[in-house]
Amino acid sequence: MPKSDFKFFHRMRVRWKECDVQGIVYYGSYLDFIDVAQAEYYRNLGILPYTEEYRKTFDLAAVKVTLEYKGSAKMDDLIDVYIAVRRIGRTSIVKQSEIYRSSTKDLLVTGETISVNFDSSVGQSRPIPTKIRNIIEKFEKTGATPTWGRTENKPCDQENEN
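Quick caveat, the model's predicted, so the values are computed rather than measured.

Regarding its fold elements, the chain presents 3 helices and 6 strands. Over its C-alpha atoms, taken along the principal directions, the chain stretches across nearly 45 × 35 × 25 Å. When burial is assessed residue by residue, the chain has 47% of its 162 residues classed as buried. Taking the intrachain contacts of the chain between residues at least 6 apart in sequence as the baseline, contacts between residues at least 24 apart amount to 69%. Put simply, the chain shows about 8,800 Å² of open surface, and 49% of that area lies on carbon and sulfur atoms. In the chain, 25 positive and 23 negative side-chain charges are present, and the distance between their average locations comes to 4 Å.

With 13 residues, helix α3 (residues 130-142) extends 18 Å between its outermost C-alpha atoms, agreeing within 8% with the 18 Å of an ideal straight helix rising 1.5 Å per residue. Within α3, the full set of buried residues consists of I132, R133, I135, I136, F139 and E140. All buried residues of α3 lie within an arc of 165° about the axis, which places them on one face of the element. Residues of α3 that are exposed and point more than 90 degrees away from the buried face comprise T130, K131, K138 and K141. In the segment just after α3, G143 is the residue with positive phi, at about 80°.

What follows covers the layout of surface pockets. Reported here for the largest pocket is a volume of approximately 260 Å³. Lining the largest pocket we find 14 residues, and of these D35, Q38, Y50, L60 and S115 sit closest to its centre. For the lining of the largest pocket, the secondary-structure elements that each account for two or more residues are α1 (29-44), β2 (60-69) and β5 (107-119). Considered class by class, the residues forming the lining of the largest pocket number 8 nonpolar, 3 polar and 3 charged.

Rules of the game
- Residues numbered from 1 in each chain as written.
- Predicted model: local features only at pLDDT ≥ 70, side-chain atom pairs only at ≥ 80, totals over all residues.
- Heavy atoms only, no water.
- Helix = DSSP H or I, 4+ residues; strand = E, 2+ residues; numbered from the N terminus.
- Buried < 20%, exposed > 50% of the residue type's maximum accessible area, 1.4 Å probe, protein only.
- Contact = heavy atoms within 4.5 Å.
- Areas by Shrake-Rupley, 256 points an atom, 1.4 Å probe, with all protein chains shown as cover.
- Lys, Arg positive; Asp, Glu negative; His and termini not counted.
- Charge placed at Lys NZ, Arg CZ, Asp CG, Glu CD.
- Expected span 1.5 Å × (residues − 1).
- Arc of directions from axis to C-beta.
- 1 Å grid on protein atoms, 1.4 Å probe; cavity = no way out; pocket = protein on both sides within 12 Å on 5 of 7 lines; lining within 4 Å.
- Points joined across faces, edges and corners; volume = space filled by probe spheres on them.
- Nonpolar A, V, L, I, M, F, W, Y, C, P; charged D, E, K, R; others polar.

So this is what it looks like as structure tokens:
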């Protein structure tokens, strides 16, 4: 998917603990990068699923993760993790991710994560709240975030890095 189709990315620097002895990113670390970027995606929208209040109605549990490795990042590289919600079902959210070496077209990893809104008090899935669905759908269509949801991350169209 072209970078321009994503409305959000999060930049981070590869740390030593994420690499093997040769200084190349360990394959499992890419999942951590995606997890951090997903949290920033939601934070950018003012959705805080890691707080107790939000977890009462919106608490995601990953049920499927697929990664494809296209290249490698190395110690101290800057990487950009692009995240997009591609589909919201009744209880699930499908997110697409791509990781690039920053400011380049070097695609390192593609991924898909399927998460279910989970009610841990009863141990089963539950519907995605309408308010959260509406915020995500509006953002994915327009790039518009609630003014109360903005952080230091900018929507992709403000970075002009395609």
